[in-house]
Each structure stands twice: as structure tokens, then as C-alpha cells.
Amino acid sequence: MFITDIRKDFYEVVANQRVALLVASDIDALCACKILQALFHCDQIQYTLVPVTGWQDLGTAFLEHKEQFRYFVLINCGANVDLLEMLQPDDDSIFFICDTHRPVDVVNVYNDTQIKLLIKQDDDLGVPSYDDIFRDDDDEEGDDSGNESDEGSEPSGKRRRFDEGAVERRIERQRARREWELFMCFFCQAAMMFFELAWVLTKDTKDMLWWAVIGLTDQWVHDKITHMKYVTDIATMQRHVSRHNHRNEDEENSLSIDCMRISFEYDLRLTLYQHWSLYESICNSCYTSCSFKLWTLNGQKKLQEFLADMGLPLKQVRQKFNSMDMSIKENLRDVIEESSNKYGMKDIRIQTFGVHFGFKNRFLASDMVHAAAALLESAEKDESNSDNFIKALDALSRSNLERLHSGIDLAKKKLMAVQQTVASCICTNLILSQGPFLYCYLMEGTPDVKLFSKPMALTLLCKYLLKAFVHSTRNKRCRLLPLIMAAPKDVDKGTVIVVGIPPESETSDKKNFFGRAFEKAAESTSSRTLHDHFDTSIIELKSEDRSKFLDALITLLS
Amino acid sequence: MFCEKAVELIRELHRMSDGQLPAFNEDGLRQVLQEMEALYEQNQSDVNEAKTDGRSDLIPSIKLRHCCLLRNQRCITAYLYDRLLRIRALRWEYGSVLPANVRFQLSAEELQWFGRYKKSLSCFMRSLGGAEAGGEGLDITQDMKPPKSLYIQVRCLEDHGELEIDDGTVILLKKNSQHFLPRWKCEQLIRQGVLEHVVS
């Protein structure tokens, strides 16, 4: 069931208890986890934190801890399946789920005792009403469920005669439920949910606010929410930021330079540009690289023209951003915005937040997201997923700056690898149109292919590739197709990881139907697949079954 | 060269400067004592000769041997004393039961000394917090640094199995899991290296 008063129904319930936190592996979850940890430290609520990467992990972690804990908090996992059936918990275990995956499984919505959803109910979820799905045909139970549907109170006599009516209604119910579960998308952020809890308890701090901002930016960077939603949420965050900032304006009691300051920035969309050189950042950011088409010779020339148009000498632009001349840095944003308008890039600036503490440390929210994501999925050999989780969690604290800087370096390498792969895929025409979708397979010998065996990195590559493809192809029909990408995951076991993303369009609502499509295709061809990720559009597959799986998908979707 | 072996003993302790205890060097000690005996014998005979025969040219060598004897004595006592200081630190580090590999490094007499030290420390602790009969005593080996909070956040560095805390609940310590636990429960495990205190 949905929780209405998060303070009363969640926080005060766990206040004197011991809680198990099961946290998924994405940045929003990490930020939410940090906020919750800070709250728990404040009130001395004992907890145990376990990172989970997929459904199997979740099951194992639950089995290990179910004897010792009664209350479980699941962050960014667990809402979109029937949790009670999957985990088979005892009757007194209570689950608090804060998940951004939609749709929420209907069993979770309508279970009153064990599952509490920490999700705002006024998001336009469109949950089908109880009767559309669950109402029984039997007369005995039909009338007193207190329902408010139109099918209300029919006299029992009539029901017995209208058997076809009952069958039809059942079909309706199934259809409603199927439709509800067809598309998968993301909504709201776990981090913001917990920040609001902190705010309601008046225990919010600037650190928590910053983590909430990072959670929001993560969803935008990884293209999980629409631009409209992002702007709306930025406005909400802006209110909190100005509330925290009003102390700064007091001239007499100004804060020391070491204190944390969060400021609203209308900054450039160039990834990591303050920690890199401007030139590298322009070459490796998706937006600019796709607009200029930097994988072609023409594109390179255009870039040079662009720089010349702004009057930036190449020598300045290629050196580290912090060492550029002050005279250039001062008006950089406005100058770039003006010139990019001429080159057709209308949205080069984006609303975001930046943090500033000490003399040297300035970071934008997107910098932190990229650094943490690179740490979370670093492909080192002897590091397990939980090691990476711990590293990324550490990097989000202000006291672990070296970790953050190493994350930024890893992120730079990752971005360069993504750009090079995109360029090579487009130039060698590796993207094939299979009819209802586009398909691309990364061969084993591709450089940096190990980086792309991780889901977030592969999804990022997928989105960049689709954007680049849409910019480069002349075929109008192909521009509206979704993209499926496969990359080798584990050479020894012979598995590949497959990701599907919806088509690229301005008004897309980011709904992804590949989850269901993959399931059906796997069933029909009995391919050996593993649907382990919380995000249903990412699966693992045995390489031998790849071609028949694809054929099944083609028939399914055409 | 005289006194070499004694300095060897000192060097051995100096090499392990971070408070670790090397094994008790019985052999080395015996050799030094033998050397001291030999020097003493020689000195005795020379002194007798010098007294009876009036040979004053033996006096410098007597003086030299005497200096060596004093030096050896000083080295040995320094060796033994330093070891005792390290053993005392072990009580504060490991608690009253020493792990087997540490106990192996101590000689029998040192073990006796350790037992007596433990006893006097516990007597003292018991006498704190109310002198007359019924004083509960205070465990002064806890909280070596003033604690900032009742509960601390710890991270598990290796699989350690289960840990039971005071109210009976059991916590599973698995690698890379993080926990928020009472400080006094975690101190031992932090010292052993199973848990790591996370400061954020």
C-alpha cells in the first residue's frame, strides 16, 4: 500500500528497531542510501546495509538476513514484481520499498500488511483500481469489498445468468493488468523522497540536499526522465537550495570558505569540462559530438570553425580548464551559448546545481554523477560488485576527495571509450535495421569492450549511439526506431548482455516496452536467458541463442 | 669483539619497533651470560695476580673487562625491560586472553609476569567506582580514545560469520556490508581488523 505520512508510517515505525537496507546499484539509490544513513545516525537507529545488484542478489541477501531483521527497506528495487511471492517472507516481515521503477506491481499496491510503498501517490501512475483487477466473480464476496467502481452492486440473480458477462469482465481485468504492466519507465527519485522525509523531520542538511540533487541529476544524465520532469524537479530543489542559502547573504556573519555552498547554475552541457580541457570535453560530450557529427571529417572542420568563431585560441582550449586564461573563462558560458545558437545547438546550457567548498573544490552535479557511475562499474578484475559499491558510496562524501578524483579520471576514460565506439560503429555501419528495430552487436575484439559489459555503461553507449545514428542517417523511417544493443559479458561462460532502449524523439516519455518483449521472445525460443536486473530491459543471454532470440523479437514486434 | 652479542639482542628488538614482540631469544641471552662469566673469570685471576705479583700493567685490561661486564649487564637489562613494556601493552591491546601465536613468543617467566600484571590491573579496576564491597569497577581498557558517539558505522572487511549483541540479536558480518552498531561491541573487532570504522 502507499504510505501517506512518511514520518508517521515509516520513520516512527522503525525508530527503535533494527533495519536492513537493501540498496540497488545505481547512483540515485546510493544517494538515497546516504541520506537515510545520515538520518539513522542522527537518531541512532541501528541498521545493516547490503548492496544488491539483481533479483538473485536480493533473494540471497533476504535469506541471509531474514532471521535477524523484521524491517527491510528496499531502495530502487522490488516494486515491479510480486515481492511476497518472490521472497516468501514470514508474516511479520515488513518491507518499505522506495523504488523509481514503474509500473509498480499491483500486488504490491494492494497488499495492506507487509508491503509499504514509499512512493508519492499523486504521480500520474494510473494504477488500475482494485476492482478492475481483483474483484471475484463469486457473489459471496462481491458486494462488501467497499469498492467504488461502476460495476457496483448488481443483484446476484442477474449475475448467474450473465456468464458471458463474467467471462468478458475477466478478460477486461487481464487486459487492464497486462496494459498496466506493459511499459517500464522511471519516475521520481528515491533520493528526493528521503530528502523530503529529512525536511519533514527538520533534520535536513546541505549534504543531504546535495545528495538529493545528485540523485535527480543521475536520472537526467542517464536519460531516465523527461526534460519537463527534470526542469520541474529542479525548481523544487531550487526552493530548498535558496532556503539553505539565505545565510550566505548576510555580510556580517558570512560563512567560512570551507563550508559547503550549493548554488544554482545555468551551466554548459559539456560533460566534466571543469576537470578536463574544453576541447576534450566538447569532443566527448554526447550533445556536442552528435550536433557537430565529430566522427566525420566535416564535423572536425566545423568544430574548428566553431572555436575560431568564438575567438578561442587552440592552445588555450586544449589545456586544462583551470589553467585557461581568466579573460577567456569569464564570459565563456555566454560566448559559447551565442556561437552554438548559430550552429544549431539551442540547448547547450542546462539548469543544474554546483557545489563549492574550500578554495579548490568546485563540482557540478553531473560531474559527481559521472564519477560515481564510473566507480560503480569499474571493470577491474579482482573487484567484486560490492567493492565497487563501497567505493562509489565513499566518493559521494565530502571527505573522500581522492576517491572522487579517481572517479572523475575513470569517467573521462569511459567517455572517451564511448565516443570512440560510437564513431567506429557509425563509420563501419555496424547498426543494422532489422525491421521493427535497429540492432548493433559489439564484437569481442573491440577496444574497451570490457567496460561495456556493465549495464549502466552499455545503456549510456546505447543512448549515445542512437542519438548519433539519428543525426547521421538519411533514412527518415530509421530515425523512429528503437535500438537493441548486445555486448559480450563473460567470455568464459559465453554470455552476452542485451539492452533495449526506446526510440529517440523530442516528446518521448521514456517508456520502454522491451522488458516484456524480451521475456516473450525468450519463452518462445526457449533461449537461456537471465532476467536478473531490476531494470527489465536489460538481460543476459547465451551467445549461441543470440540469433534465434533476435528472430523471435523481430516476429514479435513487427 | 666483546659485547657484540648483547648489542645483537638490542638490535633485534629495535628492528621490530612497532611494538611487536619477537620470540624470546634464549640462545642469545645464554651466550651473553657465558661471555660475562668468561670475562669475570679472567678478571678474577688477573686481579689476584696483580695483587700478589704487583703487576700494575694488568690494571688497564682489568678495567676494560670490567667496562665490558657493565655494558653487557646494561644491554641485557634493557632487553628484558623493553620486552616487559611490550608485554604490558599486549594486555591493553588483546585483552586478558592472549592469542596462541603471541603467547608462543613469551618465555615462562614472562608469562608469569603477565599473569601477575593482569591480576593487579583487574584488582585496580575493581576497586574503582565505589571502594567498599559492592563497587562494580570500571573497565578502563575500553574506550582508549574519548568516544564521540554511542553508535558507530563500521564496514566489514572479511566474512566473519555472526556477531551477537547485547540484546540478543545476531548480526551477519559479510564482506562489504556496512553496519551501525554500538561502539563497545565493535572495538575488539576493529582492533582485530575484521571491521573498519567508517568516518563520513
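Let us look at the structure shown here. (Residues numbered from 1 in each chain as written. Chains lettered and ligands numbered in written order. Predicted model: local features only at pLDDT ≥ 70, side-chain atom pairs only at ≥ 80, totals over all residues. Heavy atoms only, no water.)

## Here we look at the packing of aromatic side chains
By the definition in use, this model includes 23 aromatic pairs over all chains. Their ring planes at 35 degrees and their centres at 5.6 Å tell us that F62 of chain A and F95 of chain A sit as a pair that is tilted. One end of the pair, F62 of chain A, is in helix 3 (residues 55-65); the other, F95 of chain A, is in strand 4 (residues 94-98), and 33 residues separate them in sequence. The interplanar angle of 25 degrees and the centroid separation of 5.8 Å between the aromatic rings of Y151 of chain B and F180 of chain B together place this pair among those described as stacked. Residue Y151 of chain B is located in strand 1 (residues 151-156), and its partner F180 of chain B is located in strand 4 (residues 178-182); the two are separated by 29 residues in the primary sequence. You can call F180 of chain B buried: its relative accessible area is 3%. (Phe/Tyr/Trp six-rings, centres within 6.5 Å; stacked < 30°, edge-to-face > 60°. Helix = DSSP H or I, 4+ residues; strand = E, 2+ residues; numbered from the N terminus. Buried < 20%, exposed > 50% of the residue type's maximum accessible area, 1.4 Å probe, protein only.)

## Describing the interface of chain A and chain B
Where interface size is given, it is often the accessible area lost as the parts come together that is meant. The interface of chain A with chain B comprises 22 residues on the first partner and 21 residues on the second. With both chains or domains summed, chain A and chain B bury close to 1,800 Å², and 48% of this area falls on carbon and sulfur atoms. Interface area lost by chain A to chain B is led by R18, Q44 and Q46 of chain A, which between them contribute 28%. Put simply, chain A and chain B have two salt bridges between them. Note that D394 of chain A is salt-bridged to R155 of chain B, the shortest N-O span being 3.1 Å. Mapped onto the side of chain A that touches chain B, the elements with two or more residues apiece are helix 2 (27-43), strand 2 (47-51), helix 3 and helix 20 (385-395) of chain A. Of the residues forming the side of chain A that touches chain B, the biggest block, five residues, is contributed by helix 20 of chain A. Judged from the two bridges that link them, strand 2 of chain A and strand 4 of chain B form a sheet pairing that is antiparallel. In the strand pairing of strand 4 of chain B, T48 of chain A is matched with H179 of chain B. (Contact = heavy atoms within 4.5 Å. Buried area = accessible area lost by both parts, 1.4 Å probe. Salt bridge = Lys/Arg side-chain N within 4 Å of Asp/Glu carboxyl O. Pairing = 2+ DSSP bridges.)

## As for the sheet that holds strand 3 (residues 71-75) of chain A
Pairing within the open sheet is mixed, and its eight strands lie in the order 6(A)-4(A)-3(A)-1(A)-2(A)-4(B)-1(B)-5(B). Where the open sheet ends on each side, the last strands, each with one partner, are strand 6 (115-117) of chain A together with strand 5 (195-197) of chain B. On average, each strand axis in the sheet is inclined to that of its neighbour by 25 degrees, with strand direction left out of account. The sheet contact formed by strand 4 of chain A and strand 6 of chain A spans three bridges and is parallel. Within strand 6 of chain A, the residue paired with I97 of chain A across the bridge is L117 of chain A. (Axes fitted to C-alpha atoms, helices over the stretch in contact; angles between N-to-C directions.)

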